[in-house]
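Chain and residue survey
What follows is the residue order along each chain.
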Amino acid sequence: MPTTGDVLDQHLRCFGENDLDGVVADYSSDAVLFVPDRPLKGPAAIKPFFQAFLAEFAKPGASFSMRQRYVDGEYAYILWSAETADNSYEAATDTFVVRDGKIVAQSFAAKITPKR
């Protein structure tokens, strides 16, 4: 069974490789992703969120910097910053709950400044 750290590493690797199916495969069938405007329940609801996010990060000139990464049992936390052609992510954070090798809950929040 993959550890929480293994699942987080896999998730970040798939994100970095713009692998939408790989990112979505990390979630359990009943996972919930809390984003600022609403919770997304299940992979079918989570997929469009990542589809848009990955499209933004696939544009030329995007950069990503991991500032903190902590794993404790079934919990993981990352703090990161990024620049894309569209936005500046001054401070972004994700918190994950991983059980049985799958993400069952995640929260995402960021200070995002549009560049236009």
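For the structure, check the block above.
Now for a description of the structure that goes with this document. (Residues numbered from 1 in each chain as written. Predicted model: local features only at pLDDT ≥ 70, side-chain atom pairs only at ≥ 80, totals over all residues. Heavy atoms only, no water.)

Let us look at the overall build of the protein. A tally of helices and strands in the protein yields three helices and six strands. Seen in sequence order, the protein has helices and strands lined up from the N terminus as α-α-β-β-α-β-β-β-β. Its C-alpha radius of gyration of 14 Å places the protein within 12% of the 13 Å reference for a compact globule of 116 residues. Taken over the C-alpha atoms alone, the protein extends approximately 40 × 30 × 25 Å along its principal axes. Evaluated residue by residue, the protein yields a buried proportion of 41% over its 116 residues. Contacts in the protein between residues far apart in sequence, at least 24 positions, make up 46% of those at least 6 positions apart. When the accessible area of the protein is evaluated, it comes to approximately 6300 Å², of which 54% is carbon and sulfur surface. Positive and negative side-chain charges of the protein, numbering 12 and 16 respectively, have mean locations separated by a distance of 5 Å. (Helix = DSSP H or I, 4+ residues; strand = E, 2+ residues; numbered from the N terminus. Rg over C-alpha atoms; globule rule 2.2 N^0.38 Å. Buried < 20%, exposed > 50% of the residue type's maximum accessible area, 1.4 Å probe, protein only. Contact = heavy atoms within 4.5 Å. Areas by Shrake-Rupley, 256 points an atom, 1.4 Å probe, with all protein chains shown as cover. Lys, Arg positive; Asp, Glu negative; His and termini not counted. Charge placed at Lys NZ, Arg CZ, Asp CG, Glu CD.)

Another point: the side chain of Thr 84. Residue position: Thr 84 is located in the loop between strand S4 (75-83) and strand S5 (87-99). We classify Thr 84 as buried; its relative accessible area is 2%. A polar atom in the side chain of Thr 84 sits 2.5 Å from the side chain of Glu 56. Once you skip the residues sitting within four places of it in the chain, Thr 84 turns out to touch Glu 56, Phe 57, Ala 62, Tyr 89 and Lys 115. (Polar contact = N/O pair within 3.5 Å; in protein donor to acceptor, adjacent residues only side chain to side chain.)

What follows concerns the pattern of salt bridges. Inspection of every chain in the model, using the stated rule, returns seven salt bridges. A salt bridge links Glu 74 to Arg 99, with the nearest nitrogen and oxygen atoms 3.1 Å apart. Of this pair, Glu 74 sits in the loop between strand S3 (63-72) and S4 while Arg 99 sits in strand S5, and the two are 25 residues apart along the sequence. Classification of Glu 74 as partly exposed rests on a relative accessible area of 26%. The shortest N-O distance in the salt bridge between Lys 111 and Glu 90 comes to 3.0 Å. Of this pair, Lys 111 sits in strand S6 (residues 102-114) while Glu 90 is found in strand S5, placing the two residues 21 residues apart along the sequence. The partly exposed category is assigned to Lys 111, whose relative accessible area is 46%. Residue classification places Glu 90 among the partly exposed residues on the basis of a relative accessible area of 46%. (Salt bridge = Lys/Arg side-chain N within 4 Å of Asp/Glu carboxyl O.)

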